[in-house]
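The primary structure of each chain is shown beneath.
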Amino acid sequence: MDGKSSDEDDSNPPQLIPLQSGEGGGGRGAGTAAVPVTIITGYLGSGKTTLLNHILNEQHGKRIAVILNEFGEGSAMEKSLAVKDEGELFEEWLELRNGCICCSIKSNAVKAIETLMSKKGRFDYIILETTGLADPGPVVSMFWTDEELCSDLYLDGIIDIVDAKFCLRHLKENEIDGVNETMRQISLADIVILNKLDLVTEEELDAVRSAVRAINGVVRIVETTHSRVDVNTVLDLHAYDSSESVRLESTACPVSLPVSQGHSLEQKVSTVTLNFPGHVDLSLLDAFLQDLLWEKSIADSSGHPMDVFRVKGVVSDVNQAQRILVQAVHELFQLQPTTKWKEKEPRTNCLVFIGQHLDKTKLLEQLKQCVRLCSDEDMITQ
């Protein structure tokens, strides 16, 4: 095999037709329901544009609004759009022949989404592309901090496209304090699309799989060539709602696992999964997460403050009959009640941490301080 990329068609834009005012239909809830947003990230050249071109061209029967990042100098698609003088986003949204609509942004994703929401009812999904060198964390945070935005939208999940040919090289480049953007993108992903399988041997692919798992031990991996995946792979992920709590309990937190397990990539970025008994006091868990994520006052055995990129998990609260879904991206976190525990169902706690300088023993010690030991008879069941 040579090193030639299988995604050279990244530069070929989809054919566009102008979006006419007054077009569009009812869609899901006739434009009244909250719209799911999927974030697409990935290193430069990984195949993001190829994936989005497939979505924008194929007849999949779904109405998707795609917010593309900069198309690049001289792009044929860019020339077909009118740009605001301040260069923040494209003036027009264009409707594609398969019913999707798209635009490109120069710098401000929030403004692009706000403009898009004025056309609500013409689409059922939003896909937002980030730059190849971007940490998707700040984009994720706007869905938790902008109340007005969240009334119309919800974060569905993060897709990271990984170049199987050059992934191992990218993981070693441009590190700052032992971490680079490729690591951060993988660590925040809910799904990793391993692309360009035609350019690697099975042995090389195994090494890439292991490297991805070392960083994010709970991510779902989808493998492909030329960025071709079923569009349903990147939609309706529900990575931040009750569906995720069910998935975590069935995959990341099986009862048969030991109390903790960890994976590491040369001790740079790792995943630690903790399963522990008892019932959590949410006020104490909130204080723990503040110390860990905001203050960074919890250190590993060598004295390095733990730098957490992602937290997800499910805990049992003594005061509620519902599971509590725990989600965090960088310093922002949520404790969200989801589905009810079934009668006589064993209540368990499972938390997954992804980041740098993670110390599973220290984390477990801290979490034990958040637990109330009580019998199931003491639990609220209504």
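Q: Explanation requested: the overall build of the protein chain in the structure shown.
A: Helix and strand counts for the protein chain come out as eleven helices and 17 strands. In the protein chain, buried positions account for 53% of the 382 residues. Contacts in the protein chain between residues at least 24 apart in sequence constitute 76% of all its contacts with a sequence separation of at least 6. Total accessible area on the protein chain stands at roughly 16,800 Å², and carbon and sulfur atoms take up 48% of it.

Q: Help me out: how do you make sense of the confidence of the model for the protein chain in this one?
A: For any part of a model where pLDDT is low, the fine detail of the predicted coordinates should not be relied upon. Mean pLDDT over the protein chain stands at 76; residues scoring 70 or higher make up 70%. When mean pLDDT is taken per element in the protein chain, strand E8 (residues 191–195) scores highest with 97 and strand E1 (residues 16–18) scores lowest with 33. In the model, residues 1–31 has pLDDT below 50 throughout and makes 82 contacts with residues more than four positions away in sequence or in other chains. Ignoring residues within four places in sequence, the model shows residues 70–92, a span with pLDDT below 50, making 49 contacts including any to other chains.

Q: What is the right way to look at the packing of aromatic side chains in this model?
A: Aromatic ring pairs: the centre-centre distance and the angle between the two ring planes describe each pair. Enumeration over the complete set of coordinates arrives at two aromatic pairs. Seen in terms of ring centroids, Phe288 and Phe353 are 6.4 Å apart; in terms of plane orientation they differ by 85°. Their pairing is edge-to-face. Of this pair, Phe288 sits in helix H10 (residues 282–295) while Phe353 sits in strand E16 (residues 349–356); the two residues are 65 residues apart in sequence, bridging distant segments of the chain. The class of Phe288 is buried, set by a relative accessible area of 3%. Judged by relative accessible area, Phe353 falls into the buried class, the value being 0%.

Q: Mind showing me how you'd approach the pairing of strand E11 (residues 269–276) here?
A: Consecutive residues of a regular strand have side chains that alternate between opposite faces of the sheet. The element E11 is extensively covered by neighbouring structure, given that eight of its eight residues are classed as buried. Both faces of E11 are covered, namely the face carrying Val269, Thr271, Thr273 and Asn275 and the face carrying Ser270, Val272, Leu274 and Phe276. Judged from the seven bridges that link them, E11 and E16 form a sheet pairing that is antiparallel. Residue Leu274 lies in a different strand from E16, and its bridge partner there is Leu351.

Q: Sorry if this is basic, but what is going on with the packing of H10 against helix H11 (residues 360–368) here?
A: For any two helices packed against each other, the geometry comes down to the angle between their axes and how far apart the axes lie. At a minimum axis separation of 10 Å, H10 and H11 run at an interaxial angle of 145°. Residues Leu285, Phe288 and Leu292 of H10 touch H11, and the partners they reach there are Leu363, Gln366 and Leu367. Residue composition of the contact of H10 with H11, by class: five nonpolar, one polar and no charged.

Q: I'm lost on the environment of His226 in this one. Help?
A: Mapping His226 onto the fold places it in the loop between strand E9 (220–223) and helix H9 (242–252). Residue class for His226 comes out partly exposed when judged on its relative accessible area of 35%.

Q: Help me understand the pattern of salt bridges in this model?
A: Side-chain pairing between opposite charges can occur once the charged atoms of the two side chains come close. Going through the model one piece at a time under the given rule, you end up with ten salt bridges. A salt bridge links Asp163 to Lys196, with the nearest nitrogen and oxygen atoms 3.0 Å apart. Of this pair, Asp163 sits in strand E7 (residues 153–163) while Lys196 sits in the loop between E8 and helix H8 (202–215), and the two are 33 residues apart along the sequence. Of the charged contacts, one joins Lys296 and Asp307 as a salt bridge, the two residues approaching to 3.4 Å between their closest N and O atoms. Of the two residues, Lys296 sits in the loop between H10 and strand E13 (307–316) while Asp307 sits in strand E13, which places them eleven residues apart along the sequence. For Lys296, a relative accessible area of 35% gives the class partly exposed.

Q: Can you help me understand H8 in this one?
A: Two residues of an α-helix separated by three or four positions point the same way, owing to the 3.6 residues in each turn. When the terminal C-alpha atoms of H8 are compared, their 20 Å separation across 14 residues agrees well with the 20 Å that a helix rising 1.5 Å per residue should span. When H8 is considered as a whole, its buried residues turn out to be Leu205, Val208, Ala211, Val212, Ala214 and Ile215.

Q: Even after reading the chapter, I still don't get the side chain of His60, so can you show me in this structure?
A: The residue His60 is located in the loop between helix H1 (48–57) and strand E3 (64–68) in this model. A polar atom in the side chain of His60 sits 2.7 Å from the backbone oxygen of Ile55. Within the structure, His60 has its side chain in polar contact with the backbone nitrogen of Lys62 (distance 3.1 Å).

Q: What is the right way to read the environment of Phe143 from this model?
A: The residue Phe143 is located in helix H4 (residues 137–145) in this model. Taking the C-alpha atoms as reference points, Phe143 and Val37, 106 residues apart in sequence, are found 9.4 Å from one another.

Q: Where do I start with helix H7 (residues 181–188) in this structure?
A: Counting buried positions along H7 yields seven of eight residues, so the element is predominantly enclosed. Within H7 the residues assigned to the buried category are Thr182, Met183, Arg184, Gln185, Ile186, Ser187 and Leu188. The opening residue of H7 is Asn180, an N-cap whose side-chain oxygen sits 3.2 Å from the backbone nitrogen of Thr182.

Conventions used here
Residues numbered from 1 in each chain as written. Predicted model: local features only at pLDDT ≥ 70, side-chain atom pairs only at ≥ 80, totals over all residues. Heavy atoms only, no water. Helix = DSSP H or I, 4+ residues; strand = E, 2+ residues; numbered from the N terminus. Buried < 20%, exposed > 50% of the residue type's maximum accessible area, 1.4 Å probe, protein only. Contact = heavy atoms within 4.5 Å. Areas by Shrake-Rupley, 256 points an atom, 1.4 Å probe, with all protein chains shown as cover. pLDDT = per-residue confidence, 0-100. Phe/Tyr/Trp six-rings, centres within 6.5 Å; stacked < 30°, edge-to-face > 60°. Pairing = 2+ DSSP bridges. Axes fitted to C-alpha atoms, helices over the stretch in contact; angles between N-to-C directions. Nonpolar A, V, L, I, M, F, W, Y, C, P; charged D, E, K, R; others polar. Salt bridge = Lys/Arg side-chain N within 4 Å of Asp/Glu carboxyl O. Expected span 1.5 Å × (residues − 1). Polar contact = N/O pair within 3.5 Å; in protein donor to acceptor, adjacent residues only side chain to side chain.

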